[in-house]
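Letter by letter, the chains look like this.
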Amino acid sequence: MDKQTANGAQVDSASRRHLLKTTGSGLAAMSVGLVTAAPALAQTRVKLSDQWDKTFPKSAKVDHKKVTFKNRYGILLAADLYQPRNASGKLAAIAISGPFGAVKEQSSGLYAQTMAERGFITLAFDPSYTGESGGEPRNVASPDINTEDFSAAVDFLGLQLTVDRERIGIIGICGWGGMALNATAVDKRVKAVVASTMYDMTRVMSKGYNDSVTLAQRTQMLEQLSQQRWKDAETGSPAYQAPYNKLQGGEAPFMVDYHDYYAKPRGYHPRAVNSLNAWTQTTPLSFMNMPILSYIAEISPRPVLFIHGEKAHSRYFSETAYAAAAQPKELVIIPGASHVDLYDRVDVIPFDKLTSFFRQHLVAA
């Protein structure tokens with residue numbers, strides 16, 4: 001496949017320093033001084049309901065229902081299953097999640113419903129410990145468990161009578177783009193993978209944006225996180241970071257973009273970590289020590305498609321992952337698009353490309 005690219009915008013040093021001191025991007029623990037906020041949204045899993053509480057309108061072309069399934073660690077995951085109305089026979093299927101800190105009622109659900117309109121059975125799920133999925137404490141993430149969540153979604157899809165288990169792909173959005181690539185590398189049942197507006201969460205948490213964190217800073221952060229473990233152990237519950245995407249003034253433009261999606265009616269959802277809720281302070285620990293893209297070349301010979309915005313601050317994640325991946329691979333850069341544009345801008349997200357990619361590669365054996 002061909003690489004489609006152009007010169008990308010770079011985040012300047014001042015913006016990087018500012019970002020490392022903020023919580024709005026979901027990376028507060030990357031700052032030299034951790035936030036000492038009171039616990040936020042330490043809730044238990046909510047009861048599932050069929051109420052339509054998405055950030056996008058319901059399609060008349062698709063049948064929708066709430067489902068649950070367990071991952072390999074016994075955590076009960078909640079998901080939305082979308083199926084083309086009046087479809088017959090066994091269909092190709094796609095598991096979808098992301099962005100990091102979002103819920104299935106936001107971007108992943110929009111992708112899932114749109115791809116179901118185009119003939120695929122799709123599953124948008126809440127990762128472990130977030131949204132309507134199970135797991136305690138609330139709002140904690142793990143590169144291992146969240147990679148497993150994708151494979152558990154594949155398990156579920158492959159057990160559906162309407163799904164051809166030999167034709168299953170996955171889409172990961174933002175931070176779940178990296179998880180999707182990691183899951184595909186290890187899970188050979190996945191036949192094709194798309195990473196849209198991708199973040200490598202292990203890289204950014206361990207090295208900062210544009211790999212700007214020094215060894216001394218990393219050591220200091222790990223010292224602070226280690227000390228936070230003592231505090232959590234003493235209280236018997238985790239401390240949480242400050243609310244995400246609540247602007248204080250002076251933020252970098254892409255931080256304002258996050259706020260305009262997660263904190264405003266456009267994309268706000270009360271269960272989303274990024275919608276003015278927060279991760280636990282110690283969430284970064286496992287991410288800082290477990291690079292998830294070490295085996296990206298082992299996705300081959302199955303195809304991988306990277307999609308990123310030309311003006312996205314995160315564009316370098318897709319470019320370096322593309323360089324590390326083996327053929328067949330493709331990098332599509334969307335002219336003029338920002339990182340958040342690929343969350344919900346249906347006139348920007350290249351759904352025609354996604355459709356042709358999966359129709360080509362999720363073929364009957």
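This structure is a prediction, so every number in the text was calculated from the model and none was measured. (Residues numbered from 1 in each chain as written. Predicted model: local features only at pLDDT ≥ 70, side-chain atom pairs only at ≥ 80, totals over all residues. Heavy atoms only, no water.)

**Examining the overall build of the chain**
Piece 1. When helices and strands are counted, the chain shows eleven helices and nine strands.
Piece 2. Among the 365 residues that make up the chain, the fraction classed as buried is 59%.
Piece 3. With an accessible surface of roughly 14400 Å², the chain has 52% of that area assigned to carbon and sulfur atoms. (Helix = DSSP H or I, 4+ residues; strand = E, 2+ residues; numbered from the N terminus. Buried < 20%, exposed > 50% of the residue type's maximum accessible area, 1.4 Å probe, protein only. Areas by Shrake-Rupley, 256 points an atom, 1.4 Å probe, with all protein chains shown as cover.)

**Considering helix α4 (residues 175-186)**
Piece 1. The end-to-end C-alpha distance of α4, which contains twelve residues, comes to 18 Å, matching closely the 16 Å that a straight helix rising 1.5 Å per residue would cover.
Piece 2. With eleven of its twelve residues buried, α4 lies for the most part within the structure.
Piece 3. Of the residues making up α4, those classed as buried are Gly175, Trp176, Gly177, Gly178, Met179, Ala180, Leu181, Asn182, Ala183, Thr184 and Ala185. (Expected span 1.5 Å × (residues − 1).)

**Details of the layout of surface pockets**
Piece 1. Approximately 300 Å³ is the volume found for the largest pocket.
Piece 2. Elements represented by at least two residues in the lining of the largest pocket include exactly α3 (143-158) and α4.
Piece 3. For the lining of the largest pocket, the leading source of residues is α3, giving five residues.
Piece 4. Class assignment of the residues belonging to the lining of the largest pocket gives a composition of seven nonpolar, four polar and four charged. (1 Å grid on protein atoms, 1.4 Å probe; cavity = no way out; pocket = protein on both sides within 12 Å on 5 of 7 lines; lining within 4 Å. Points joined across faces, edges and corners; volume = space filled by probe spheres on them. Nonpolar A, V, L, I, M, F, W, Y, C, P; charged D, E, K, R; others polar.)

**Focus: the packing of α3 against α4**
Between two packed helices, the angle of one axis relative to the other and the distance separating the axes together describe the packing.
Piece 1. The geometry of α3 relative to α4 is characterised by a closest axis approach of 9 Å and an angle of 70° between their N-to-C directions. Between α3 and α4, the crossing angle belongs to the class labelled roughly perpendicular. Residues Pro143, Asn146, Thr147 and Phe150 of α3 lie in contact with α4, whose contacting residues are Trp176, Met179, Ala180, Asn182 and Ala183.
Piece 2. Grouping the constituent residues of the contact of α3 with α4 by class yields six nonpolar, three polar and no charged. (Axes fitted to C-alpha atoms, helices over the stretch in contact; angles between N-to-C directions. Parallel < 35°, antiparallel > 145°, perpendicular 65-115°, else oblique. Contact = heavy atoms within 4.5 Å.)

**Focus: the environment of Glu166**
Piece 1. Examined against the element boundaries, Glu166 turns out to sit in strand β6 (residues 163-173).
Piece 2. A residue is classified by how much of its surface remains accessible, and Glu166, at 40% relative accessible area, is partly exposed.
Piece 3. C-alpha of Glu166 to C-alpha of Arg189: the two residues are 23 residues apart in sequence and 7.2 Å apart in space.
Piece 4. Beyond its immediate stretch of four places on either side in the chain, Glu166 contacts Lys191 and Val363.

**Regarding the nonpolar core**
Piece 1. With 103 residues, the main nonpolar core has Leu181, Phe306 and Phe358 as its most contacted residues.
Piece 2. The biggest single contributor to this core is α3, with seven residues.
Piece 3. Apart from the residues within four sequence positions on either side, Leu181 is in contact with Val193, Ala195, Met198, Leu293, Ile296, Ile299, Val304 and Phe306. (Core = buried A, V, L, I, M, F, W, Y, C linked by side-chain atoms within 4.5 Å.)

**Notes on the packing of aromatic side chains**
Piece 1. Per the stated rule, a full pass over the model turns up 18 aromatic pairs.
Piece 2. Taking the centre distance of 6.4 Å and the plane angle of 80° together, the rings of Phe254 and Tyr258 count as edge-to-face. In this pair, Phe254 and Tyr258 are both assigned in helix α7 (residues 253-262), four residues apart and thus about one turn of the helix distant. Considered together, Phe254 and Tyr258 belong to a single accessibility category, that of buried residues.
Piece 3. An aromatic cluster of three or more residues is present, and its members are Tyr199, Tyr209, Phe254, Tyr258, Tyr316 and Phe317. (Phe/Tyr/Trp six-rings, centres within 6.5 Å; stacked < 30°, edge-to-face > 60°.)

**Some words on the side chain of Arg138**
Piece 1. Summarising the element assignment, Arg138 is placed in the loop between β5 (121-125) and α3.
Piece 2. Despite its burial, Arg138 remains without a salt bridge, the nearest opposite charge being carried by Glu136 at 4.9 Å.
Piece 3. Of note is the side chain of Arg138, whose polar atom sits 3.4 Å from the backbone oxygen of Thr130.
Piece 4. Of note is the side chain of Arg138, whose polar atom sits 3.0 Å from the backbone oxygen of Gly131. (Lys, Arg positive; Asp, Glu negative; His and termini not counted. Salt bridge = Lys/Arg side-chain N within 4 Å of Asp/Glu carboxyl O. Polar contact = N/O pair within 3.5 Å; in protein donor to acceptor, adjacent residues only side chain to side chain.)

**Structural notes on the pattern of salt bridges**
Piece 1. Summed over the entire model, instances satisfying the criterion amount to 20 salt bridges.
Piece 2. Here Glu105 and Lys104 are joined by a salt bridge, their closest N and O atoms 3.0 Å apart. The two residues Glu105 and Lys104 agree in class, both being buried.
Piece 3. The closest approach of N and O atoms between Lys104 and Glu132, which form a salt bridge, is 2.6 Å. Taken together, the residues Lys104 in the loop between β4 (91-97) and α2 (107-117) and Glu132 in the loop between β5 and α3 connect sequence positions 28 residues apart. This pair shows no difference in class: Lys104 is buried, exactly as Glu132 is.

**Some remarks on the side chain of Glu330**
Piece 1. Mapping Glu330 onto the fold places it in strand β9 (residues 329-334).
Piece 2. On the basis of relative accessibility, which here comes to 8%, the residue Glu330 falls in the buried class.

**A few points about unusual backbone geometry**
Backbone phi values are negative for most residues with the exception of glycine, while trans is the configuration of most peptide bonds.
Piece 1. The omega angle of the peptide bond from Gly98 to Pro99 is 0°, so this bond is cis rather than trans.
Piece 2. Here Pro99 is to be found in the loop between β4 and α2.
Piece 3. One non-glycine residue, Cys174, adopts positive backbone phi at about 55°.
Piece 4. Tracing the sequence through the fold places Cys174 in the loop between β6 and α4.
Piece 5. Judged by relative accessible area, Cys174 falls into the buried class, the value being 4%.

**Some words on the environment of Gly98**
Piece 1. Residue placement: Gly98 occurs in the loop between β4 and α2.
Piece 2. Along the chain, Gly98 and Ser108 lie ten residues apart, while their C-alpha atoms are 5.8 Å from each other.
Piece 3. With residues up to four places along the chain from it excluded, the contact list for Gly98 reads Ser107, Ser108, Ile173 and Trp176.

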